[in-house]
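One letter stands for each residue in the lines below.
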Amino acid sequence: MENALIKSESDYTNKYKQSTENPERFWAEIADNFTWFKKWDNVYKCNMKSADFKWFEGAKTNISFNCIDRHLENKGDKTAIIFEPNNPNEEAKHISFKELHHEVCKMANVLLNNGIKKGDRVCIYLPMIPELAITVLACARIGAIHSVVFAGFSSLALATRIQDCSCKTVITSDGGYRGAKTLNLKKIVDNALTDCKSIESVIVVKRTNEDVNMQNNRDLWLHEELEKVSSTCEAAILDSEDPLFILYTSGSTGKPKGMMHTTGGYMVYSAYTFKNVFQYQENDVYWCTADIGWITGHSYIVYGPLLNGATTVMFEGVPSYPDFGRFWEVVQKHKVNQFYTAPTAIRALAKESLDWVKKHNLSSLKVLGSVGEPINEEAWNWYNENIGNSKCPIVDTWWQTETGGILISPLPNITKTKPAFATLPLPGVQPCLMDENKKELHGNNVSGSLCIKFPWPSVARTIWGNHQRYLETYFSAYPGYYFTGDGALRDEDGFYRITGRMDDVIIVSGHNLGTAPIEEAINEHENIAESAIVGYPHDIKGNALYGYVIVKNNPNNEEEALHLRNDINALITKQVGAIAKLDKIQFVSGLPKTRSGKIMRRILRKIAEGDVSNLGDTSTLLNPEIVDEIQNGKI
Ligand code: WTA
């Protein structure tokens, strides 16, 4: 990757130009850094109208081989993964590339032994322990498609994801540690599997040693399975367009979308962006605090770093345990050079005493990153001054599950940074802004819908099992363009600032939540007729959730009301997960609707924000009188 490193601002400008003038040559040169068992016939063949994307077609490779085997000769003893446990008194683990190779081969053999073949879907429901990264790489090694489900999701949410792509096996653990809590993961899996016919086996990692129920003919302990297999496992020779993984993301309506990514393009793009956005140098220690259950963990804990032969930290815990100094203690302990986290974590830590920061030596830090939601100026400044000592450029990286890798971001010490701006597109990325008439906005000082007008290697290939939905969601609003769902502005310097979602997806603490599944969960309550969820600004979470709920029988007193609110949140926790609990619940007698029966969320959003000065035209509503009632109602 060294020859693909962008070295200066003029180098960036040149490379950007080359990437638009001759994308084929540009990407072929970058792809030459990898091991291909057979070279491609075409660099790309893409159609933005039919959402048909092929990169490095005809080439044969294996991403697990490129993450591990390729480094064995020169850096077999280098640490690939540093595992930092939840409990600071438990020793951290350093896993070298050689050891990782051994573990991944064994895990791959366990999968093969249990009947998993190329193309089979493997659900991974694990806490942030090394086995999670190892299983991901083991799937990739044999061409099985991994579908990692974040271990904070409920059994119903897990079941939906297992059913949607008919997984054949689930890898889970007895339990997981998360701060002061333990998660009963095996129990959650057991509940999910009452309704998942495709599952043939469950492989269980021992982590917390708690008692779990092991079902005969289905459940297996990983440590016992590992004893049965050898540590030799040739990497499968896969096509560049063979599916690599499915990862679910929330949509504004309907069930979650299984975004499918494939092998070659994703490999080239995640590695290229990792190298450049973090300016990773050999011997640096890099730490991304995300969970591998999200795309950030896929691309920038596992694949991007390992493809570059980097040392990547995997952290099991949370920023507040055992105290608010944990992140900084880990940075000091492992001498972290690049630190990548989410604005919600920064805001939460900025609220606590600065002593938690000052107690630690953060002088190893060179680059700070932010991802997942817009970072407000105040948080940006706090991060810059207190964590980066005003010396570490902040890379505010904009991207999505669908994009596979970072698309817009500063390059540290190369391009300029600006608080709250993701700034400039990476080479190969052609963003644009569209106006209400679906016309591209040219020039600077404009704002509109953020689209991408040219394909890049790691764009999702489809929504698993539903290409039509993929087309409609991303390629129909602006034919010929990929629509991101985000609004953005371009300032006088041509820098992009992402202003937020334009659809009914709400980002709470960096997690994308669709309103529809939450509303469906609430509506299951026998005393609830209908509901509408909107987001409102929250100083730590970015957005919090506000629910307007039509009850059939109004609660008679405060106690009954509290009871109903608790019931609602319990239903949400069960169906979606605790991350989707509502912060505020208002009981109403109706919801503002258009004559065609659509809920006017814009009005509900304004009321939730406490900004009722300009509710806009409400005269077209079917029931304008309801607006006053909601505005004057209490919660
Ligand atoms: C938002 C996470 C502003 C955005 C990698 C996007 C951001 C959604 C940023 C995707 C950023 C992500 N600035 N907004 N730097 N990064 N977003 O799929 O709304 O979990 O569409 O991928 O997060 O979230 P996802």
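What counts and what doesn't
- Residue numbers run consecutively from 1 along every chain, following the written order of its sequence.
- Residue-level local features of this predicted model are given only where pLDDT is at least 70; pairs of side-chain atoms are given and counted only at 80 or more, and the full residue set underlies all totals for whole chains, interfaces and linings.
- Hydrogens and water molecules were not included; the side-chain quantities draw on all heavy atoms of the structure.
- Strands are runs of DSSP state E lasting at least two residues, helices are runs of H or I lasting at least four, and both sets are numbered from the N terminus onward.
- Only protein chains enter the calculation, and the probe is 1.4 Å; a residue is then buried if its accessible area is under 20% of its type maximum, exposed if over 50%, and partly exposed in between.
- The contact criterion used throughout is that any non-hydrogen atoms of two residues lie within 4.5 Å.
- Charged residues are defined here as Lys and Arg on the positive side and Asp and Glu on the negative side; His and the ends of the chain fall outside this count.
- In plain terms, the charge of a residue is placed at NZ if it is Lys, CZ if Arg, CG if Asp and CD if Glu.
- Strands pair, by our definition, only if DSSP identifies at least two bridges between them.
- Salt bridge, as used here: a side-chain nitrogen of Lys or Arg that lies within 4 Å of a carboxyl oxygen of Asp or Glu.
- Nonpolar cores were defined as sets of buried Ala, Val, Leu, Ile, Met, Phe, Trp, Tyr and Cys residues, with membership established by side-chain atoms within 4.5 Å.
- For a helix, the expected span equals 1.5 Å multiplied by the residue count minus one.
- Side-chain atoms alone can form a polar contact between residues adjacent in sequence; in general such a contact is a pair of N or O atoms within 3.5 Å, and within protein one must be able to donate a hydrogen while the other accepts it.
- Note on method: axes are straight lines fitted to C-alpha atoms, helices fitted across the in-contact stretch only, with angles between N-to-C directions ranging 0 to 180 degrees.
- Note on terminology: angles under 35 degrees are roughly parallel, angles over 145 are roughly antiparallel, angles of 65 to 115 are roughly perpendicular, and the others are oblique.
- Throughout, a crossing is termed right-handed when the near helix is turned clockwise from the far one, and left-handed when it is turned anticlockwise from it by less than a right angle.

Student: Would you explain the overall build of the protein chain in this entry?
Tutor: The secondary structure content of the protein chain amounts to 19 helices and 31 strands. By its C-alpha atoms, the protein chain is 75 × 65 × 55 Å across when sized along the principal axes. Out of the 635 residues belonging to the protein chain, those deemed buried represent 61%. In the protein chain, 71% of the contacts between residues at least 6 apart in sequence involve partners at least 24 apart. Where the 67 positive side-chain charges of the protein chain centre and where its 76 negative ones centre are 3 Å apart.

Student: How should the sheet that holds strand β26 (residues 496–501) be read in this particular structure?
Tutor: The five strands are arranged β22-β21-β23-β25-β26 in an open sheet whose pairing can be described as antiparallel. The strands lining the two open edges of the sheet, one partner per strand, are β22 (440–441) and β26. Of the pairings in the sheet, the one linking strand β25 (residues 482–490) to β26 comprises five bridges and is antiparallel in character. Counted as the bridge partner of A488 is I498 from β26.

Student: When you look at the pattern of salt bridges in this model, what are you seeing that I'm missing?
Tutor: For side chains bearing opposite charge, pairing can occur when the charged atoms are close. For the structure shown, the criterion picks out 42 salt bridges. Residue E373 is joined to R347 by a salt bridge in which the shortest nitrogen-to-oxygen separation is 2.9 Å. Taken as a pair, E373 in the loop between β19 (367–371) and α14 (377–387) and R347 in helix α12 (residues 343–350) lie far apart in primary sequence, 26 residues in all. Among the residues examined, E373 registers a relative accessible area of 9% and is labelled buried. Put simply, R605 and D504 hold a salt bridge, and the shortest N to O gap is 3.4 Å. Of this pair, R605 sits in helix α18 (residues 601–609) while D504 sits in the loop between β26 and β27 (505–508), and the two are 101 residues apart along the sequence. A residue is classified by how much of its surface remains accessible, and D504, at 24% relative accessible area, is partly exposed.

Student: When you look at the nonpolar core in this model, what are you seeing that I'm missing?
Tutor: The nonpolar side chains of soluble globular proteins are, as a tendency, buried together. Ranked by size, the top nonpolar core spans 121 residues in total, and within it W27, F56, L100, F278, Y303 and Y470 carry the most contacts. In contact with L100, other than residues within four places in its own chain, are I68, A80, I81, I95, I134, L137 and L306. The next biggest cluster of nonpolar side chains, apart from the first, holds 27 residues, and it includes A157, A159, L185 and V202.

Student: What's the story with helix α3 (residues 63–75) in this structure? I'm lost.
Tutor: Given 3.6 residues per turn, any residue in an α-helix points the same way as the ones three and four places further on. The terminal C-alpha atoms of α3 lie 17 Å apart, and with 13 residues this matches the ideal 18 Å at 1.5 Å per residue to within 8%. Three or more residues of α3 are buried, namely I63, S64, N66, C67, I68, D69, H71 and K75. Of the surrounding elements, those touching the buried residues of α3 are β3 (60–61), α4 (97–113), α5 (130–142), β14 (243–249), α9 (264–278) and α10 (295–307). Capping the start of α3, N62 holds a side-chain oxygen 2.8 Å from the backbone nitrogen of S64, two or three residues further along.

Student: Sorry, what's going on with the packing of α3 against α4 here?
Tutor: Between α3 and α4, the shortest axis-to-axis distance is 9 Å and the interhelical angle comes to 140 degrees. When the axis of α3 is compared with that of α4, the two are oblique. The two elements α3 and α4 cross, and the hand of that crossing is left-handed. On the side of α3, the interface is formed by S64, C67, I68, D69, H71, L72 and K75, while α4 contributes F97, K98, L100, H101 and V104.

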